[in-house]
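Breakdown of the fold
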Amino acid sequence: MTQNASINPSSLHHAVMSLSDALDTAIAEEMRRDPRVLMFGEGVATKRCALLDEFGAARVRNTPLAEAIIAGTAVGAAASGLRPIADLLFAPFLCYATDALVNSAGKLRFMSGGQFEFPLVTLAMSGGGWGVGAQHNHNLEAWFVHAPGLKVVMPSTPADARGLLKAAIRDDNPVLFFVDIGLLYQPGEVALDADIVPLGRARVVRAGTDVSLVAYGKSVGACLEAAAQLAAAGIEAEVIDLRTLKPLDTETVLASVRRSGRLIVVHEASQSCGVGAEVAARVAEHAWSALRAPIVRLCGPDAPVAASFPLEQAFAPQPAAIAAAAHRLCAREPAVAEVNV
Amino acid sequence: MTQNASINPSSLHHAVMSLSDALDTAIAEEMRRDPRVLMFGEGVATKRCALLDEFGAARVRNTPLAEAIIAGTAVGAAASGLRPIADLLFAPFLCYATDALVNSAGKLRFMSGGQFEFPLVTLAMSGGGWGVGAQHNHNLEAWFVHAPGLKVVMPSTPADARGLLKAAIRDDNPVLFFVDIGLLYQPGEVALDADIVPLGRARVVRAGTDVSLVAYGKSVGACLEAAAQLAAAGIEAEVIDLRTLKPLDTETVLASVRRSGRLIVVHEASQSCGVGAEVAARVAEHAWSALRAPIVRLCGPDAPVAASFPLEQAFAPQPAAIAAAAHRLCAREPAVAEVNV
Amino acid sequence: MSSTAISGSALALLERMLLIRAYEEKLIALSAGGQFPAVCSSFGQEAAAVGVVAALGAADQILTNHRSAGHLLARGADPGRMLAEVMGRVDGYCRGRSGSLHIAARELGVVLTSTIVGGELSLATGVALAQQTLGRRGLVACFFGDGAAGEGIFHESLNLAATWGLPILYVCENNQWQAYVHRRETMLGEHIAPWAQSLGVEAERVDGNDVFAVHAAAEAACERIRADGRPRLLELSTYRLRGHLEPDDPQAADAAELALWRERDPLRHCIATLLAGGHADAAGIERMSRAAHARIEAALAFAEASPYPAADELLADVYA
Amino acid sequence: MSSTAISGSALALLERMLLIRAYEEKLIALSAGGQFPAVCSSFGQEAAAVGVVAALGAADQILTNHRSAGHLLARGADPGRMLAEVMGRVDGYCRGRSGSLHIAARELGVVLTSTIVGGELSLATGVALAQQTLGRRGLVACFFGDGAAGEGIFHESLNLAATWGLPILYVCENNQWQAYVHRRETMLGEHIAPWAQSLGVEAERVDGNDVFAVHAAAEAACERIRADGRPRLLELSTYRLRGHLEPDDPQAADAAELALWRERDPLRHCIATLLAGGHADAAGIERMSRAAHARIEAALAFAEASPYPAADELLADVYA
Ligand SMILES: Cc1ncc(C[n+]2csc(CCOP(=O)(O)OP(=O)(O)O)c2C)c(N)n1
Ligand SMILES: Cc1ncc(C[n+]2csc(CCOP(=O)(O)OP(=O)(O)O)c2C)c(N)n1
Ligand SMILES: [Mg+2]
Ligand SMILES: [Mg+2]
C-alpha cells in the first residue's frame, strides 16, 4: 500500500488518491505529529513498508497471529501513555478481540471511576468486493455502537478517510474505524493541508427536500446514484453520509427529515439491530410528526454473505431499489406505500 | 441449583418454582428425552449435581476455564450429531466465544451450502441484581440478533423459561438463551406437563388498547407494574413479552400497535442498536399510519453498569418512568409529546 | 527411508501429489489472468496433505482451513466441484457460497472448514467428542498452520483434548510463513511441538516435504490414537513455495530461503526416491503427470459450464 | 530459608500479611451477614501477594484480577477506600463503580484490573510496551490464577512478551481451584510453569505459602527482568482456603486437601519462622495483629460513612 497519489496541478496541496492511500497518509501525518502514535498488527510492517522506513521498527510492528493479544496490547498501551493503531484486517477477526475492546477499553474508564483513558484506534475491513465470503466480509459496526464507551467510524471518501482517521488518532477514546473494501481503491480528491474531520458529524452530501437518504460507507454512493435517477424524475433526494456511527449525528438526520418528511436508511450490514434500526428509531421518536410516509430501511439480508460474485454483489442495497422505494414514498398516499414496503 | 419446587395442591402437574429451577427442569427433561443432549461448562458438573447424578459424567461435564473452546466444542459437536448445551455463565464472557458462535455456528450452514446443522444452546446471564459491575452484567442479546444464523431467547417467567429452553434444545439451529439474573430466584407457577413454548412467538401478557408496552426479560415486570398504575388512571396498556428476540414476532407487535396507536419499547440493554431500535424501526416501517404519537424507547443508558447498588438499580427502566411516558403519549397532542420525550 | 520400505501404494501417493500440483498450477495460472477470486495455494505442501490423508480411514473426519486444496484432493475430492466452488458456481461443494477459502465436503468427511485462523482448532474438539460419545470409530485429523498455533485457541483446544482424552490428530504444517509475516517474527523457538508437549499432548516433528516420512509418522500416530483415544500432534516442517495469496507477490519472500526450499520440493523428492528405488520410471511418471493435467482440464471445463447460483440463494440454508 | 537470611524487613512482610488477613476476615464476616456484595477472598494467599509486591519498586506497575485484595493491600492501598469500593460508596478507589472485583488504584501503580478471567494477561503486554517505549524504568507484575492460564490469552500474552522482549513478571497463583472446579479437572499436569517454558519464558516454581521464599524468588526474577528486559514467570503453589465467593460454600471443597493446606497456612508459617529465628516474640506479633484489626475497624467506619454515588454518575466518565 504505497502512496501512488497523483498531484493535482491546481494546488500542490491537493492530490487524487485512493482511500487506502488516504489512510496511509493520515497515519504517517499523525505519527510525524505525535511520537506516542505507533501501529501494529499482522503484516503491518511488511505491507506498510513506507511507514516502517520512516518511523522504524519500534513504532511499526508485525505481530504474531493472535488478535486477542493485539487488541489487548493496544488497550493496555493506550491506558499507559501510548496512542496505538491496531490493524485487525477483516471485521470478522474482531470476534477474537472483543474482550479487550468491549470489556476493557469500553468499560474500564467508567468502572475505574475515570482513572484511565484509552486513546486507541482499530482498523478493520468489511463489505463486498473481494469475493471471499462471510468469514472475511461481515459488517459488524453495529456491535460496537451497541457496546458502551466506544466510538465507531466508517468513511465513504478518501478525504473523509484521511480526516476522520486523523481525528480518531487524536481522540482520547477507543475508536473502531471500519473500512469498506469496495471503496479501498476508488480515487478521490484529498486536500493535504485540510484539518481533521471531527468525529460525530454527518455530512449532507447532496441537498434535497423530498426524501432523506441516510447511509454510510459504500451505500452513500448507491444513494447518490439513486438521487441522480430520482432527480431526472423530479424528486430531489437529500443524501446524508453518517461518517461517524457513534456518536451518531442525530441532529443532522432529524433536521433533514423535518424538511423532507420521508426517510430511507441504507446500509450493507444486516438489518436487525443495525445502525439503520437506530436511525429509524430516533426519527420515529424525535421527528415523528414531520414524517409524511413510513420509514424504509434497505439493508443487507439477514444472512451471511456468499463468496459467489453475483450473490455478493446482490447483497448490498442497489441504487435501483433505493430509487424505487423513494418513488413509492413520494408518489403514493402514505398508507398505500406502507403496505408495499 | 437443586429443585426446590413446592407442589401445588390443585394439580400434581403444577409446581411453583424459581426460573433457575425451571431451567434445570427443562434440561433434565430434555436429557431424558434425547440421549444426544449433553451439557458442559465451567462448574456445570459441580453446580448442577442433580444432573450429574442422573446422567453421568459423560453427559454433564466441567471444563477448563476457556470459553472459546467451550463454545467451539459445542459448535463442532452440534454439527456432528450431538445436541450440546454450553453454560457460559455471564454474558460478557461471550466475548471470548463469539468466533465459534458467530463465525462458525451462525455462518457455516449457509456457507457450506447447507451441509451442516447446529443444534446447540448457550446459556448466559446478565442484568442487575448481583452488584458485580459491567464485566458480569452487560446485556449483549442484540449482538446475536444482528449476527446471521442464530436464534435468541430471553424469558421472563419460570414457565416460559422451561418451555422456551425445551424448544431451544429441540431446535436444529444455534440458540443463545439469555437469563436475567434479577429473575433467577423469583418463583412462578410451572405446568410440568406443558408442552414446549415455541420459539418466535411473543406473548400478550396483559391486553389493553391505549398504548403498547413491548419488553422482554425483567422489563416485562416493570411494564406490568406501570400498566397497573396506568389502569388506575384509566389508561389501558397492552403489555407484550417478546420472549424470543430472534426470530422476532413482528406480527404480534404490529397488531397491538395498530390497535393502540402508541408504542413504548422497554429493556435494560443499552439503547443504541438494541432490540428496542429494531422493534421501533419495524413499527415505523409497517404500522406507521396507525401511530398516533411518537415511539418511545426506555432503555439502559449508553454506559457500563456500575457495581454500586443504587446505580445498578437505576440502570434498568423503572415502572414510574414507563407510566410517565405512557401518560405523555396518551394525554397530550402528539407534537407536544414528541418534544418532551 | 530405505527403498525396500516403500510399498506399492507409494505410486498412489505420487499420483495424488501430482494431481494437487496440477490443480494448484491451474489456479495459479487462472489467478494471474486477473478477475479471479483470491486463492491460497498449497503448492509445495503436497507431501504433508497426501502423507497424512493416506493414513486416514473412511470413518475419520478432517478439519481444514484456507489452504485446503491439498487436503481435499488427497481425500479424493472431485477437482471439478472444487474449481466450481472456487469460481462461485452452483455445482461447487458448497453451491458457490464458500468460494475457495472454506470448502467443506461432508460426504468425504471433510467438515466445518473455517478460514478464521484457528477456527478448525475450535471445532475439532467437538467433532471428536461426538465421535467418542456416539461410539463412532473414526478419529479427527485437524490441519492448521504455524500461524494458527499462535492463536489462543490452539492452547485451549489441545488442553481440552488432552484433559478429556479426545481422539484428535493435530497436524501443524509449519510452512514458515503466516500471510506476510515470517514465522520467526512471531515466536522465539523454531517449533510448535514443544507447546503441545507442555500440555501433555505427545508430539513429533517430521520432514513435511518427504511424503514417505509423513505417511509413516501419520500411520504410527493414528495407530496410537486408535489404541488409547488420546490426541497426538505432528509438526510437519515444510515451506510455502508461493505467496500467501494468488496472484503471487514475490516481493515479500525471502529469496535465499525460498531457493533452499525449492531444492527440497516435495514432488521432486518423492520422484527421486521412487526412481532411485526402481519403483517407477521416468516415462511412467510423465504419463501420470499428463493424466493429472488432463483431469484438471476436464475439471475446469465442468466448472466453467456450471451456472452461478440464482438470486434466491441469498437467503437459502441460513436456518435448518 | 536460614534464619540469618531474614532481614529486619521480614517483620514488615508479616505486618502486611496480618493486615490482609484482618481485612479478609472482616469481609468474610460482613458477607456472612447477607445483604453484602459478592467478594472473592484472598484468604490463604497472603504470602504470594506480600512476597511479590515487596520485591517491586515504586515505578513498577501491577495488574490484577477478581482476587486482588492481597495485592492492593500489599502495595499500600488504604483499606478504608477499598472497603468503600466494595460497598459501592463514592470514596472507593473507583467511586463505587467497580465494586470488589475490579479495583484499580492508579496512584499506587495498580492499573487496569479486570474480572474477565485472563483480562489482566491481555492488557499487561500493552502496559509493558508503554513502559519500554516511553523509557520508563518500571517493570510490570501481572497476577493471575491457574484458571486464567487455561484461557487462550495466556498463550498469546506470554508468546508476545517473549517475542517482543517485554519486561513482565507473570505471577501465577496456582491455588488449585478455578471457581467451582478443581484444577486437576482442567489440565493433565500439575503445573503452569512448563507452558511458559515451552514459549521461551523462563519460569520457576516456588512454595507460595512461604513468604520468604516467594520474596526471594520475586527479587531474583525482577533483577533478571531489569537486566535484560525479558519476561519471567513465577508459579506460586498455594491454596484457596475459602470458597470461590463469600459467603463461603464449604460443600464444594475437598475436605482432606483443605485440611492439609490449612496446616500450611502462610501466616502460621511466617510466624513460626520468625519466632524460631528469634526475630519476633509472641507478644509483639499479638500487638501487630491487634493493630491490623484496629486499622480495619477504622476502615469500615470510614467506608460506612461514605455516601453512595449520586444518580448523575450513571453516565459519568464513559468517555474522556
Ligand atoms: C483470525 C484470522 N486472522 C487473520 C486472518 C488472515 N489470514 C489468513 S491466512 C493467514 C496466515 C495463516 O498462517 P498459518 O496459520 O501459518 O497458515 P498458512 O497460511 O501458512 O498455511 C492470515 C493472517 C484470518 N483469516 N483469520
Ligand atoms: C472469562 C471469565 N470466565 C469465567 C469467569 C467466572 N470466574 C470468576 S473467577 C473464576 C475462577 C478463576 O480461577 P483462577 O484463574 O484460578 O483464579 P482464582 O479464582 O483461583 O484466584 C471464574 C470461573 C470470569 N470472571 N471470566
Ligand atoms: Mg504458515
Ligand atoms: Mg485458581
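Residues numbered from 1 in each chain as written. Chains lettered and ligands numbered in written order. Predicted model: local features only at pLDDT ≥ 70, side-chain atom pairs only at ≥ 80, totals over all residues. Heavy atoms only, no water.

As annotated in an unreviewed UniProt entry, chain C carries the name Pyruvate dehydrogenase E1 component alpha subunit and comes from Plasticicumulans acidivorans. Reading the Cofactor (unreviewed entry) entry of the UniProt record for chain C gives the comment "thiamine diphosphate". (UniProt positions renumbered as here; feature names shortened; annotations may be inferred.)

Where an unreviewed UniProt entry is consulted, chain A appears under the name Branched-chain alpha-keto acid dehydrogenase E1 component beta chain, with the organism given as Plasticicumulans acidivorans. Taken verbatim from the UniProt record of chain A, the Cofactor (unreviewed entry) comment is "thiamine diphosphate".

A word on the interface of chain C and chain A
On the chain A side, the residues contacting the 34 residues of chain C number 30 residues. Between chain C and chain A, a total of about 2,400 Å² is buried, with carbon and sulfur atoms accounting for 67% of that surface. Of all residues in chain C, Ile-116, Tyr-180 and Leu-314 of chain C bury the most surface against chain A, accounting for 25% of the area lost on that side. Our count for the chain C to chain A interface comes out at zero salt bridges. For the interface between chain C and chain A, the tally reads nine residue pairs in polar contact (both at pLDDT 80 or more). Of the residues assigned to the side of chain C that touches chain A, the class counts are 17 nonpolar, 13 polar and four charged. (Contact = heavy atoms within 4.5 Å. Buried area = accessible area lost by both parts, 1.4 Å probe. Salt bridge = Lys/Arg side-chain N within 4 Å of Asp/Glu carboxyl O. Polar contact = N/O pair within 3.5 Å; in protein donor to acceptor, adjacent residues only side chain to side chain. Nonpolar A, V, L, I, M, F, W, Y, C, P; charged D, E, K, R; others polar.)

Focus on the site of ligand 2
Around ligand 2 sit 20 residues in total, of which Glu-67 of chain B together with His-66, Arg-67, Thr-115 and Gly-147 of chain D are the nearest. Flanking ligand 2 are residues from chains B and D. Here a nitrogen atom of ligand 2 and a side-chain polar atom of Glu-67 of chain B are 2.5 Å apart. The backbone of Thr-115 of chain D places a nitrogen or oxygen atom 2.8 Å from a nitrogen atom of ligand 2. Its residues assigned to classes, the shell around ligand 2 shows eight nonpolar, seven polar and five charged. (Near = heavy atom within 4 Å.)

Side note on the sheet that holds strand S8 (residues 175-180) of chain B
Residue and element names in this part refer to chain B. With respect to topology, seven strands assemble into an open sheet ordered S4-S3-S5-S6-S8-S7-S13, the strand pairing being mixed. Looking at the sheet topology across the chains shown, the edges are occupied by strand S4 (60-62) and strand S13 (244-246). Here the average twist between neighbouring strands, direction ignored, is 20°. Summarising the sheet, strand S6 (residues 121-126) and S8 pair through six bridges and their orientation is parallel. Its bridge partner being in S8, Met-125 is matched across the sheet by Val-179. Packed on one face of the sheet, helix H1 (residues 19-33) meets strand S3 (37-41), S4, strand S5 (83-90), S6 and S8 and runs near 135° to S3. (Pairing = 2+ DSSP bridges. Helix = DSSP H or I, 4+ residues; strand = E, 2+ residues; numbered from the N terminus. Axes fitted to C-alpha atoms, helices over the stretch in contact; angles between N-to-C directions.)

A closer look at the coordination of the magnesium ion (ligand 4)
Residues and elements named next belong to chain D. Binding of the magnesium ion (ligand 4) to the protein goes through Asp-146 (OD), Asn-175 (OD1) and Trp-177 (O), at separations of 2.0 to 2.1 Å. Positions of the donor residues of the magnesium ion (ligand 4), expressed as sequence spacing, correspond to D-x28-N-x1-W. In this pair, Asp-146 is assigned in the loop between strand S2 (140-145) and helix H6 (152-164) and Trp-177 in strand S4 (residues 177-178), connecting sequence segments 31 residues apart. Neither Asp-146 nor Trp-177 differs from the other in exposure class; each is buried. (Donors = N, O, S within 2.8 Å, 3.2 Å for Na, K, Ca; no water. Buried < 20%, exposed > 50% of the residue type's maximum accessible area, 1.4 Å probe, protein only.)

Focus: the site of ligand 1
Around ligand 1 there are 20 residues in total, and Glu-67 of chain A together with His-66, Arg-67, Gly-147 and Asn-175 of chain C lie nearest to it. Neighbouring residues of ligand 1 are not confined to one chain but are distributed across chains A and C. Here an oxygen atom of ligand 1 sits 2.7 Å away from a polar atom, N or O, in the side chain of Arg-67 of chain C. Here ligand 1, which alone exposes 570 Å², has 96% of that area covered by the protein. Tallied by class, the residues present in the shell around ligand 1 amount to eight nonpolar, seven polar and five charged. (Areas by Shrake-Rupley, 256 points an atom, 1.4 Å probe, with all protein chains shown as cover.)

Section: the coordination of the magnesium ion (ligand 3)
Residue and element names in this part refer to chain C. The magnesium ion (ligand 3) binds to the protein through Asp-146 (OD), Asn-175 (OD1) and Trp-177 (O), with metal-donor distances spanning 2.1 Å. Donor residues for the magnesium ion (ligand 3) sit on one chain with the sequence pattern D-x28-N-x1-W. A relative accessible area of 9% places Trp-177 in the buried class.

Overview of the domain arrangement of chain A
How big an interface is tends to be stated in terms of accessible area lost as the parts join. All names here are of chain A. Segmentation of chain A into domains returns domain 1 (6-191) and domain 2 (203-331). Centre-to-centre separation of domain 1 and domain 2, based on C-alpha positions: 26 Å. If you look at the interface, domain 1 gives 29 residues, while domain 2 gives 22 residues. Interface area, domain 1 with domain 2, both sides summed: about 1,900 Å², of which 53% is carbon and sulfur. Broken down residue by residue, the surface that domain 1 buries against domain 2 is led by Val-145, Met-154 and Ser-156, which jointly contribute 22%. Counting every contact that joins domain 1 to domain 2 gives three salt bridges. Arg-203 is the salt-bridge partner of Asp-160, the closest N and O atoms lying 3.3 Å from each other. Secondary structure elements with two or more residues in the side of domain 1 that touches domain 2: helix H7 (141-146), strand S7 (151-153) and helix H8 (158-170). By residue number, the principal contributor to the side of domain 1 that touches domain 2 is H7, which donates five residues. (Domains from an automatic or database assignment.)

Some points on the environment of Ile-196 of chain B
Here Ile-196 of chain B shows up in the loop between strand S9 (187-191) and strand S10 (203-206). Those residues within four positions of Ile-196 of chain B in sequence are excluded, and the remaining contacts are Gly-163, Lys-166, Ala-167 and Arg-170 of chain B.

Regarding the packing of aromatic side chains
Here the distance between the centres and the angle between the planes together describe a pair of aromatic rings. Per the stated rule, a full pass over the model turns up 21 aromatic pairs over all chains. Ring geometry for Phe-144 of chain A versus Trp-143 of chain B: centroids 6.5 Å apart, planes at 50°, classification tilted. A residue pair is termed interchain when its members come from two chains, as with Phe-144 of chain A in helix H7 and Trp-143 of chain B in helix H7 (residues 141-146). For the pair shown, Phe-144 of chain A and Trp-143 of chain B are each scored as buried. With 5.9 Å between their ring centres and 55° between their planes, Phe-144 of chain C and Phe-154 of chain C make a pair best called tilted. Of this pair, Phe-144 of chain C sits in strand S2 (residues 140-145) while Phe-154 of chain C is found in helix H6 (residues 152-164), placing the two residues 10 residues apart along the sequence. Just as Phe-144 of chain C is buried, Phe-154 of chain C falls in that class too. (Phe/Tyr/Trp six-rings, centres within 6.5 Å; stacked < 30°, edge-to-face > 60°.)

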